[in-house]
Amino acid sequence: MTSAGRFAPSPSGELHVGNLRTAILAWLFARSTGRRFLMRVEDLDRARAGAEAEQLRDLAAIGVDWDGGVVRQTDREHLYAAAIDRLAAAGLTYECFCTRREIQEAPSAPHAPQGAYPGTCRNLGEAERASKRAVRPAAVRLRAAVAEATVQDVLHGSFTGVVDDFVLRRNDGVTAYNLAVVVDDAAQGIDQVVRGDDLLPSTPRQAYLASLLDIPAPEYAHVPLVLNADGARLAKRDGAVTLADLAALGVAVGEVRDMLLGSLGLPAGSLEQALRVFDPAGLPREPWVWPGMGGPAA
């Protein structure tokens, strides 16, 4: 299977300029290395009617194209189930009945971040599990054999992060992101993952899971986010930050694209022109603060 990169938005609403900037970077990384560029809609959760069409329209408008059809996670549950069954057969899963609040309030290992799973349900006996099943459905967790893992990142170098017994399938039956993304990338031949650096802390979990499924780790590049004036991650509430909002203020799509390219130290114009001079080593390592154009969006 030919190697590939990808962009994988969740269809929860319109893409804002931060999302579009990451999409441009994912496209540039893939095209500059001769990879295919794939589009995957991560619609297992938080899907809003019409959002997928809006997102694909906006990506095309700024010049991001992709190879083949759009893949949707809701069509791939059989792949996730097969992966969980494989892990379960190897004794690498267990049922968990904890609520989110119980996990947050439970003491954890000194090095683990708040919310890392403390292993409460890891060694329950069958009678205890049966009793708890009568009260609430179980989530499925990975039985991890390590406390941390290290990944290599194009922009961040070596990064070591916590690996806990993270959820593979939620108690409502929905496959968890950490499993779905690993299975999807492997099934699609994706060996280059470019995404926002807010996802870097979860990457060691995914790389460890991939190793258990005999999946080679992809090349990672976690890129800086776009922030608002207060230094927080950009969001729709920060004003005119989507193409539709900006168009209403008279800002054309080409102007937005050129601003995003300029924030990356790349020349204005088409993405093809930017591709000719694209060099990951020259990318900024700090977040870009959105200058803002107008008041809060309706």
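Right above here is the structure, for reference.
Residues numbered from 1 in each chain as written. Predicted model: local features only at pLDDT ≥ 70, side-chain atom pairs only at ≥ 80, totals over all residues. Heavy atoms only, no water.

**Q** Could you give me a rundown of the side chain of Arg 205, with the residues and numbers involved?
**A** Mapped onto the fold, Arg 205 is located in helix H7 (residues 203–212). Sequence-distant contacts of Arg 205, defined by excluding residues within four places in its chain, comprise Val 162, Val 163, Asp 164, Phe 166 and Asn 178. (Helix = DSSP H or I, 4+ residues; strand = E, 2+ residues; numbered from the N terminus. Contact = heavy atoms within 4.5 Å.)

**Q** Provide a residue-level description of the packing of aromatic side chains, including the pertinent values.
**A** Scanning the entire structure with this criterion turns up 2 aromatic pairs. Arranged with centres 5.3 Å apart and planes meeting at 70°, the rings of Phe 29 and Phe 278 form a pair that is edge-to-face. Here Phe 29, found in helix H1 (residues 17–32), pairs with Phe 278, found in the loop between helix H10 (271–277) and strand S12 (288–289); they are 249 residues apart in sequence, far enough to count as distant. Judged by relative accessible area, which is 9%, Phe 278 ranks as buried. Measuring from ring centre to ring centre gives 5.8 Å for Trp 288 and Trp 290, while their planes differ by 85°; the resulting arrangement is edge-to-face. Judged by its relative accessible area of 17%, Trp 288 is buried. With relative accessibility at 5%, the residue Trp 290 sits in the buried group. The residue whose ring lies beneath Arg 141 is Tyr 117, and the NZ or CZ to ring-centre distance is 3.6 Å. (Phe/Tyr/Trp six-rings, centres within 6.5 Å; stacked < 30°, edge-to-face > 60°. Buried < 20%, exposed > 50% of the residue type's maximum accessible area, 1.4 Å probe, protein only. Lys NZ or Arg CZ within 6 Å of the ring centre and 35° of its normal.)

**Q** Talk me through the pattern of salt bridges; I want residue IDs and the actual numbers.
**A** According to the stated counting rule, one finds 24 salt bridges in the structure shown. Of the charged contacts, one joins Arg 133 and Glu 126 as a salt bridge, the two residues approaching to 3.3 Å between their closest N and O atoms. Accessibility expressed as a relative area gives 36% for Arg 133, which makes it partly exposed. In this structure Glu 126 comes out as partly exposed when scored by relative accessible area, which is 44%. Of the charged contacts in the structure, one is a salt bridge between Arg 170 and Asp 172, with a shortest N-O distance of 2.5 Å. The class for Asp 172 is partly exposed, based on a relative accessible area of 49%. The structure contains a network of salt bridges with shared partners spanning Arg 6, Arg 40, Glu 42, Arg 76, Asp 184 and Asp 185. (Salt bridge = Lys/Arg side-chain N within 4 Å of Asp/Glu carboxyl O.)

**Q** A description of the sheet that holds strand S1 (residues 4–7) should follow, citing residues and the corresponding values.
**A** The strand order across the open sheet formed by 3 strands is S1-S2-S3, and the pairing between neighbours is parallel. Because the sheet does not close on itself, it has two edges, and the strands there are S1 and strand S3 (71–72). Its contacts with the sheet put H1 on S1 and strand S2 (36–41), and the angle it makes with S2 is roughly 145°. (Pairing = 2+ DSSP bridges. Axes fitted to C-alpha atoms, helices over the stretch in contact; angles between N-to-C directions.)

**Q** Before we move on, could you go through helix H6 (residues 177–187) and cite the residues and values that matter?
**A** For H6, the tally of buried residues reaches 8 of 11 residues, placing the bulk of the element in the interior. All of the buried residues in H6 are Asn 178, Leu 179, Ala 180, Val 181, Val 182, Val 183, Asp 184 and Asp 185. Summarising the contacts, the buried residues of H6 are in contact with S1, S2, helix H3 (77–89), strand S8 (167–169), strand S9 (192–196) and H7. Following H6 by one or two positions, Gly 189 has its phi on the positive side, about 75°.

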